[in-house]
Structures are given as C-alpha cells and as structure tokens.
Amino acid sequence: MINILLVEDKEKKIQDCAKVIETFNSKEISIEKANDINTAKRILTRKNIDIMILDIYLPQFFGDEKKKDGGLQLLETARKSKSISYPTYVISVSEYEESKALFEASEGNIHKAIYYSPIDDKWKKELYMYLKTSIEILSNKIVHRVYDYDVAVICALKEEIDIIKEILCDVQRVKVPYDQEIYYDGYFMKNERKVRVVLSSARQMGMVAATALTTRIIDNFVPRYLVMTGITGGTKSEKMGFGDIIVASRSWDYRAGKDIREGDSAKHLNSLNDCMADGRLIDYCRNIKEDISSLRNIKDSFRSGVKPDSELKMMIGPVVSGASVVTDSEIVNDVLYNQDRDVLGIEMEIYGVYYAALWAKDPRPKFIALKSVSDFADSDKGDTYHPYASYTSAKAFEILAQQYLEYDD
C-alpha cells in the first residue's frame with residue numbers, strides 16, 4: 001500500500017489534487033487529508049507516509065491565521081522527530097511564488113515544487129508526471145533481506161550472557177526502535193576480519209520467553225549463525241560429569257501431547273515433534289569433542305568457583321525442554337524410558353530457540369545450542385556448579401565461533 005497525505009486548508013485545492021491521484025485508479029493507493037499542521041502531525045505519527053503533497057502557507061489549527069512557512073515548519077519537525085516518519089517524497093503545490101521559492105531553497109534538491117493555478121491545468125500534468133514516477137518506484141521497490149550480523153548468542157540468564165561479553169571486544173548496548181528488549185553487540189577478530197556478534201538474555205526462563213527473544217533477534221539483526229549457551233540439567237550417567245558440554249543435536253517439548261486417565265492412574269501420551277540443529281555445526285562440534293587439549297584448557301582456565309575432579313567432556317545428543325525446573329529423577333526416567341533413551345539433558349529453552357529459528361524469516365540462521373551440566377535434575381539439584389557450567393559452555397562457543405564457523409568476507 002502506498003500512503004499519500006494531502007496537507008491543504010483549501011477544499012477546492014484538495015479536491016483538485018485528489019482527482020489527479022485518482023486517475024491512477026489503484027487499490028494500492030491510500031489517501032489521507034489534513035487541513036492544518038497539527039492534524040498532519042497526528043497522521044505522520046501513526047502512519048508511514050510515502051508521498052506528501054502540501055502547501056507552504058498553512059495554519060497551526062484550521063481556521064487560524066496561516067503561517068507563511070507553516071509547511072516548512074512541519075517538514076522540519078518531521079525531520080527531527082523520533083516519533084514521526086519523514087515522507088519518501090514531498091511535493092509542494094502552492095499558488096504563491098514566494099512560498100514556492102522558500103520550498104525550493106529548503107527542500108528542492110530532493111523534492112518537487114509545483115506552481116498551482118486554479119485556471120490553468122499545466123500544474124496537474126506536472127503533478128501527474130511526478131506522482132507517476134514516484135508511484136512506479138515505490139511499487140517496484142525490492143527489499144533484499146540479507147545477513148547482517150555474523151553470530152547471535154542467546155542465553156536464559158544474565159550471568160550467562162555476562163561471560164559471553166568477556167570473550168568479545170568493545171561490547172556496547174544496542175537500541176532497536178520500538179523494541180524494549182536489551183541487546184548488546186561486540187566483535188572478535190578472525191584472520192584480520194571483524195566478526196560481529198549480537199547477544200541477549202531472555203526476560204525470564206522458559207520456552208515462551210526464549211521463542212520470543214529468538215524471533216526478535218533474528219528479525220532485528222539477521223544473524224548468519226544462532227547459538228544458545230548456558231546451563232542444563234543432565235540425565236545422570238557414569239559418563240557425564242558436572243560442567244560437561246552438551247551439544248543439542250535435536251530438541252522437543254517433552255510435555256507436549258495428551259494427558260489421559262486409565263483407571264485410577266494418569267498417563268501422558270507424548271507428541272514428539274523435534275527440531276534438528278544444523279548438521280554442519282554438529283560436525284564442527286564433533287571436532288571440538290575430540291580436541292582433548294582444548295577442553296582441558298577450558299577447565300584449567302576456570303578460577304571463579306568450584307570445579308569437579310573429572311575431566312571436561314563434550315557430548316552430542318538430544319536435549320528436551322519443558323515448562324518447569326525439574327528436581328525429580330522420576331521425570332527424567334520417564335523421558336528416557338518412554339521417549340528416547342539417548343536424551344542427554346533436560347532444561348527449559350532450547351526447543352523454543354530451535355523452533356523459532358527453524359521457522360524464521362529468510363534468510364534463516366544456522367542454529368545450535370551448547371549447554372553445560374550444572375546438575376542432574378534430581379533432589380540434589382543445587383547451584384554449586386552453575387558458574388563452572390556457564391563458563392565451559394561459553395568457552396566452547398568461543399572455540400566454535402573463532403576456529404570453525406565460516407564467515408563471508
């Protein structure tokens with residue numbers, strides 16, 4: 001839809017201009033009318049105007065004395081205001097040579113001034129030709145949505161995102177118009193190339209918040225890669241230790257499905273609709289998994305809390321998501337026995353991130369989650385290893401981003 005705003009206090013002139021616009025006979029053109037500066041401001045505040053046709057002699061309020069430069073004041077306000085969208089094309093249609101000259105001196109380099117005469121149709125032909133060109137350009141406007149940032153990192157907790165910040169250079173707050181979410185960006189160098197990274201943590205834990213944040217960060221920043229880091233509950237086994245990094249090869253909502261009752265007992269029938277991480281990124285993680293030296297260096301470099309005696313490992317497999325924190329081993333056992341015995345982790349966000357990234361606008365990012373074991377989702381659940389698990393997850397991302405991910409020059 002092409003939005004045209006007519007700003008004029010004389011009804012005859014408004015009708016004349018409207019008739020020129022109506023000759024295009026297009027359902028894709030919407031016409032708004034304002035007969036004073038104040039009304040025009042209100043329209044510009046609530047709607048994006050593509051073409052504005054205005055007189056320079058305009059009153060502040062309809063019926064007041066006209067200002068000789070009222071139209072120019074309106075344009076100046078629109079240019080400086082953060083709440084008003086400046087029109088793509090501005091056409092001054094004035095019957096006063098003085099106001100035409102004022103407009104040309106102020107706006108003439110990029111817009112059009114037309115001399116209006118109530119007894120001569122020359123101005124109509126001039127207005128028609130300028131509108132024709134403007135409408136054709138606006139109608140054929142192609143918007144190419146291409147990758148902007150190289151990597152986006154999403155975390156569930158602020159303390160997790162703080163560790164990612166330490167990996168990057170020149171981290172700064174990024175403000176997005178009409179979006180109150182908190183974003184940061186920074187960079188790291190790879191082969192003399194500045195790799196741009198945007199990062200954010202969700203307002204709260206859970207799939208809903210993670211899905212919303214993922215959608216926003218993809219829409220706003222169009223990242224080539226999307227990585228989630230942080231902590232997860234592990235499914236207790238002899239091979240798994242605190243801080244071990246789990247790469248979520250796929251994820252689903254382990255509580256999705258149907259709850260039924262059989263006699264005196266309730267039963268859950270699961271619907272396993274899983275999302276897969278990007279295959280190439282999983283291959284990269286397989287290489288990191290085999291790099292025992294790098295994993296040992298990650299553990300050795302942690303000095304901000306408690307770390308276990310076991311060697312740091314990376315594991316690759318399914319991680320399931322649910323709506324609540326799990327402290328009951330029976331829930332974990334139910335997932336392993338009735339859904340997939342290979343599940344490595346149980347947490348609250350990954351499926352939401354994967355789902356949002358899978359169905360995002362094009363171009364979609366390649367996505368993966370690297371979360372480290374902070375507990376085993378049982379009655380012994382505690383915070384002792386949160387700092388260590390957050391750290392190992394973030395450092396695994398650093399290796400992936402700096403040594404494996406490929407970025408266009």
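For the structure itself, look to the data block above.
On a predicted model such as this, the values are computed, not experimentally measured, just so you know.

### So, helix α7 (residues 207-221)
So, point 1. With 15 residues, α7 should cover 21 Å at 1.5 Å per step; its first-to-last C-alpha distance of 21 Å lies within 8% of that length.
So, point 2. Residues of α7 that are buried: M207, A209, A210, L213, T214, I217, I218 and F221. In a view along the axis of α7, the buried residues occupy a sector of 155°, so they form one face of it.
So, point 3. Following α7 by one or two positions, V222 adopts a phi angle in the positive range, close to 45°.

### Digging into the nonpolar core
So, point 1. With 87 residues, the main nonpolar core has V151, Y354 and I368 as its most contacted residues.
So, point 2. Setting aside anything within four residues of it in sequence, one finds I368 in contact with L226, V227, M228, V247, A277, L281, I282, C285, Y354 and L400.
So, point 3. Membership of the second largest hydrophobic core comes to 23 residues, among which are I4, C17, I53 and L127.

### Thoughts on the pattern of salt bridges
So, point 1. Following the criterion strictly, the structure yields 30 salt bridges and no others.
So, point 2. Between D150 and R193 there is a salt bridge, with its nearest N and O atoms 3.0 Å apart. In this pair, D150 is assigned in the loop between α5 (122-139) and β6 (151-155) and R193 in strand β9 (residues 193-201), connecting sequence segments 43 residues apart.
So, point 3. In this structure D150 comes out as buried when scored by relative accessible area, which is 5%.
So, point 4. Between K165 and D162 there is a salt bridge, with the nearest N and O atoms lying 3.6 Å from each other. Taken together, the residues K165 and D162, both in helix α6 (residues 158-167) and three residues apart, mark about one turn of the helix.
So, point 5. For D162, a relative accessible area of 25% translates into the label partly exposed.
So, point 6. Because the salt bridges share partners, they merge into one network encompassing D179, E181, R203 and R216.

### What to know about the environment of V93
So, point 1. Note on placement: V93 falls in strand β4 (residues 89-94).
So, point 2. V93 sits 249 residues away from D342 along the chain, and the two C-alpha atoms are 72 Å apart.
So, point 3. Look past the residues within four positions of V93 in its chain and what remains in contact with it is K13, C17, I53, L54, D55, I114, Y116, W123 and L127.

### A look at the packing of aromatic side chains
So, point 1. What the rule picks out here adds up to 14 aromatic pairs.
So, point 2. Seen from their ring centres, Y149 and F221 are 5.3 Å apart, and the 90° between their planes marks the pair as edge-to-face. One end of the pair, Y149, is in the loop between α5 and β6; the other, F221, is in helix α7, and 72 residues separate them in sequence. The residues Y149 and F221 share a single accessibility class, namely buried.
So, point 3. A connected cluster of aromatic rings, assembled from ring pairs, spans Y149, Y183 and F221.
So, point 4. Here R196 stacks its cationic end above the ring of Y149, 3.9 Å away from the centre of that ring.

### Some words on the sheet that holds strand β1 (residues 2-7)
Paired through backbone hydrogen bonds, the strands of a sheet run either parallel or antiparallel to each other.
So, point 1. One open sheet accounts for five strands, arranged β2-β1-β3-β4-β5; its pairing is parallel. Two strands in the sheet have a free side with no partner beyond their single neighbour: β2 (29-34) and β5 (112-115). Each strand of the sheet is rotated relative to its neighbour by a mean of 20°, with strand direction disregarded.
So, point 2. Pairing of β4 with β5 involves four bridges; the strand directions are parallel. Across the sheet, residue S94 finds its bridge partner in β5, namely Y115.
So, point 3. Contacting β1, β2 and β3 (51-54), helix α2 (residues 37-46) runs over the sheet at an angle of about 145° to β2.
So, point 4. Those strands touched by α5 are β1, β2, β3, β4 and β5, and its axis lies near 170° from that of β4.

### What to know about helix α9 (residues 292-301)
So, point 1. Residues S294, L295, I298 and K299 constitute the buried set of α9. What you see down the axis of α9 is that its buried residues fit within an arc of 140°, all on one side.

### Describing the environment of K158
So, point 1. Position of K158 among the secondary structure elements: in helix α6.
So, point 2. Taking C-alpha positions, K158 is 13 Å from A394, a pair spaced 236 residues apart along the chain.

### Focus: the packing of α9 against helix α12 (residues 386-404)
So, point 1. At a minimum axis separation of 10 Å, α9 and α12 run at an interaxial angle of 140°. It follows that α9 is oblique to α12 by the angle criterion. When the axes of α9 and α12 are compared, the crossing they make is right-handed. Between α9 and α12, the contacting residues are S294, I298, K299 and S301 on the first element and Y388, Y391, T392, K395, A396 and I399 on the second.

### Some thoughts on the packing of α7 against helix α11 (residues 350-358)
So, point 1. Contact geometry for α7 and α11: axes closest at 7 Å, N-to-C directions at 35°. Between α7 and α11 the crossing geometry is right-handed. Together, M207, A210, T211, T214, T215 and I218 of α7 and Y351, G352, V353, A356 and A357 of α11 make up the contact between the two elements.
So, point 2. Residues of the contact of α7 with α11, tallied by class, amount to seven nonpolar, four polar and no charged.

Thresholds, definitions, all that
Residues numbered from 1 in each chain as written. Predicted model: local features only at pLDDT ≥ 70, side-chain atom pairs only at ≥ 80, totals over all residues. Heavy atoms only, no water. Helix = DSSP H or I, 4+ residues; strand = E, 2+ residues; numbered from the N terminus. Expected span 1.5 Å × (residues − 1). Buried < 20%, exposed > 50% of the residue type's maximum accessible area, 1.4 Å probe, protein only. Arc of directions from axis to C-beta. Core = buried A, V, L, I, M, F, W, Y, C linked by side-chain atoms within 4.5 Å. Contact = heavy atoms within 4.5 Å. Salt bridge = Lys/Arg side-chain N within 4 Å of Asp/Glu carboxyl O. Phe/Tyr/Trp six-rings, centres within 6.5 Å; stacked < 30°, edge-to-face > 60°. Lys NZ or Arg CZ within 6 Å of the ring centre and 35° of its normal. Pairing = 2+ DSSP bridges. Axes fitted to C-alpha atoms, helices over the stretch in contact; angles between N-to-C directions. Parallel < 35°, antiparallel > 145°, perpendicular 65-115°, else oblique. Left-handed = near helix turned anticlockwise from the far one by under 90°. Nonpolar A, V, L, I, M, F, W, Y, C, P; charged D, E, K, R; others polar.

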